[in-house]
Amino acid sequence: VLRLIREDGVATRTELARLTGLSRPAVAVRVSELITQGLVTERAHGPSTGGRPPVRLAFNGSGGAVLVASLGYSHGHLAVCDLAGEIVVMDETRLAAERGPEMVLPALLDRWAGLLTEAGLSAADVRGVAIGLPGTVEEASSFLEPPGLPRWEGAAIGPVVAQRFPVPVFLDNDVNVMAIGEHHAHRADGVDDLLFVKLSTGIGAGLILGGAIRRGSLGAAGELGHTPVPDGRGVPCRCGNDGCIEAIAGGAALLERARLKRPELADLTELTALARAGDPAVVALVREAGRRIGEVLAIAVNLLNPSIVVLGGDLAGAYDPLVAGVRESVYQRATARATRRLRIEPSRLGDNAGLIGCATLALDQVLAPESIDALIP
Ligand SMILES: [Zn+2]
């Protein structure tokens, strides 16, 4: 019943009875429980023509909150989102995942509590928590082998969060939550097959296939950046192999190359700003990186046949030369059928993709029928 109201906008008890095949009294009991739980509102609609006024039901997006955080190695974002998945308040933070969970988690809980107060909400409004981190996730309970983040491996995140906010806690890889966020932003278009590519210091991908995120058998799907390229021999990659596309065309590699001519370049943000300003050397560098990334993406497009490839991450700040290079290789190398309707687009959510993705991840589970059934005595 909640799903019909929330996702399909079904607004009357009569329509709910017709669609579910439940009796009118059974629908009435369920709707009244949902109203008691703060998940559904009803209001009189239009003028009464005698008798009872017509009443319309709606999902109550402000009937609770989820706490979300998207953490990177050196900085992150956190927010309070409502039940519609919209950001209510957010904060950028220097909480760096590299400082380890024993430092980061307590600080994160304090910041969330502060944001809740700012939003005029309390801990009792919180229905779920979701965190994205650069690591793979084992059975949604703990992070497994986060590269460069050894202290997060197996850390008991759920129990620590639950001491403060006793609600379900969901964890996922940072690129996966961005892919989930971008998919959410494309839901109105009916996109079911989406390949999200994060191009920042490193390169990673998130796969939405058949409308769901695909993590693979060990949560390691999407490691596009560690695909070796033919002429990459001898170029070392942080994964321990050599010749990976990330080592050739990732943000760190580009920055290093750009610094040969412009040693003053501080980071990727400055590099992409130069590309947008039309600096010929930087534009050429980014375009060539796009071409190289496109060569690997063409394989993914042939294999998965997505309807859309979304390019995000810091390097997408130099979108025009980047996508020009990507398109050149993908349309040249992927099959005509796989590219016939393929769209290649920039991220719609930018820096907020991870937060919106975390909110979607948590809400899809805390508002699932079995979770709602468990709420109702
Ligand atoms: Zn590698």
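Being a predicted model, the structure only gives us computed values, none of them experimental.

Cut-offs and rules
- Residues numbered from 1 in each chain as written.
- Predicted model: local features only at pLDDT ≥ 70, side-chain atom pairs only at ≥ 80, totals over all residues.
- Heavy atoms only, no water.
- Helix = DSSP H or I, 4+ residues; strand = E, 2+ residues; numbered from the N terminus.
- Rg over C-alpha atoms; globule rule 2.2 N^0.38 Å.
- Buried < 20%, exposed > 50% of the residue type's maximum accessible area, 1.4 Å probe, protein only.
- Contact = heavy atoms within 4.5 Å.
- Areas by Shrake-Rupley, 256 points an atom, 1.4 Å probe, with all protein chains shown as cover.
- Lys, Arg positive; Asp, Glu negative; His and termini not counted.
- Charge placed at Lys NZ, Arg CZ, Asp CG, Glu CD.
- Expected span 1.5 Å × (residues − 1).
- Donors = N, O, S within 2.8 Å, 3.2 Å for Na, K, Ca; no water.
- Tetrahedral: all angles 85-135°; square planar, octahedral: opposite > 155°, others 65-115°.
- Patch = residues over 30% accessible without salt bridge, like charges linked within 9 Å, V, L, I, M, F, W, Y side chains within 5 Å.
- Salt bridge = Lys/Arg side-chain N within 4 Å of Asp/Glu carboxyl O.
- pLDDT = per-residue confidence, 0-100.
- Pairing = 2+ DSSP bridges.
- Axes fitted to C-alpha atoms, helices over the stretch in contact; angles between N-to-C directions.
- Phe/Tyr/Trp six-rings, centres within 6.5 Å; stacked < 30°, edge-to-face > 60°.
- Lys NZ or Arg CZ within 6 Å of the ring centre and 35° of its normal.

Draft legend 1. Geometry of the overall build of the protein chain. Helix and strand content of the protein chain: 14 helices and 14 strands. Scaling as 2.2 N^0.38, a compact globule of 377 residues should have a C-alpha radius of gyration of about 21 Å, and the protein chain matches this with 23 Å. Over its C-alpha atoms, taken along the principal directions, the protein chain stretches across nearly 80 × 50 × 40 Å. Buried positions account for 48% of the 377 residues belonging to the protein chain. Counting contacts in the protein chain only where the partners sit at least 6 residues apart, residues at least 24 apart contribute 60% of the total. When the accessible surface of the protein chain is split by element, carbon and sulfur atoms take 52% of a total near 17,800 Å². Placing the 36 positive and 43 negative side-chain charges of the protein chain at their respective mean positions leaves the two points 6 Å apart.

Draft legend 2. View of helix α13 (residues 353-366). For α13, built from 14 residues, the straight-helix expectation of 20 Å at 1.5 Å per residue is met to within 8% by its first-to-last C-alpha distance of 20 Å. Extensive coverage of α13 is indicated by the burial of 12 of its 14 residues. Buried within α13 are the following residues: A353, G354, L355, I356, G357, C358, A359, T360, L361, A362, L363 and V366.

Draft legend 3. Here's a closer look at the side chain of H77. With respect to the secondary-structure elements, H77 resides in strand β4 (residues 76-82). In this structure H77 touches V68, A69, S70, M90, D91, E92, T93, D351 and L355, once residues within four positions along its chain are discounted.

Draft legend 4. Main features of the coordination of the zinc ion. At the metal site, the zinc ion is ligated by H226 (ND1), C237 (SG), C239 (SG) and C244 (SG), and these contacts range over 2.0 to 2.3 Å. The coordination sphere of the zinc ion comprises 4 donor atoms, whose angles at the metal cover 105 to 121 degrees; the geometry is tetrahedral. Each donor residue of the zinc ion lies on the same chain, and together they follow the pattern H-x10-C-x1-C-x4-C. Note that H226 is positioned in the loop between β12 (212-214) and α7 (245-249) and C237 in the loop between β12 and α7, a separation of 11 residues in sequence. C237 sits in the buried class, given a relative accessible area of 9%.

Draft legend 5. Geometry of a negative patch on the surface. Taken together, E92, D267, E270, D314 and D351 make up a surface patch of like negative charges. Its location among the elements puts D351 in the loop between β14 (343-346) and α13. Residue classification places D351 among the exposed positions, given a relative accessible area of 61%.

Draft legend 6. Geometry of the confidence of the model for the protein chain. Confidence in the prediction of the protein chain, expressed as mean pLDDT, is 91, and 95% of residues score 70 or more. Predicted confidence in the protein chain is weakest over strand β8 (residues 142-144), with a mean pLDDT of 64, and strongest over strand β13 (residues 308-312), with 98.

Draft legend 7. Molecular detail of unusual backbone geometry. In the Ramachandran plot, N305 falls in the positive-phi region, its phi being about 50 degrees despite a non-glycine side chain. Tracing the chain through its elements places N305 in the loop between α10 (280-304) and β13. Judged by relative accessible area, N305 falls into the partly exposed class, the value being 45%.

Draft legend 8. Broad picture of the sheet that holds β14. Across the sheet, 5 strands lie side by side as β12-β11-β10-β13-β14; this open sheet has mixed pairing. Strand pairing shows two members of the sheet lacking a second neighbour, β12 and β14, which therefore form its edges. Each strand of the sheet is rotated relative to its neighbour by a mean of 25 degrees, with strand direction disregarded. Sheet topology note: the β13/β14 ladder contains 4 bridges and is parallel. The partner of V310 across the bridge, within β14, is E345. Along the sheet face, helix α6 (residues 174-185) touches β10 (194-199), β11 (203-209), β12 and β13 and points at about 130 degrees away from the line of β10.

Draft legend 9. Seen up close, the pattern of salt bridges. Using the criterion set out here, one finds 22 salt bridges in the structure. A salt bridge links E295 to R292; its shortest N-O distance comes to 3.4 Å. Placement of the pair is E295 and R292 together in helix α10, with a separation of 3 residues, close to one helical turn. Of the two residues, E295 and R292, neither departs from the other in class, the shared state being buried. For the salt bridge of E345 with R348, the shortest nitrogen-to-oxygen distance reads 3.9 Å. Three or more residues joined by partner-sharing salt bridges are found here, namely R6, E7, R187 and D364.

Draft legend 10. Highlighting the packing of aromatic side chains. Applying the stated criterion to the full structure yields 0 aromatic pairs. The ring of F59 has R6 sitting right over it, with the charged end atom 5.8 Å from the ring centre.

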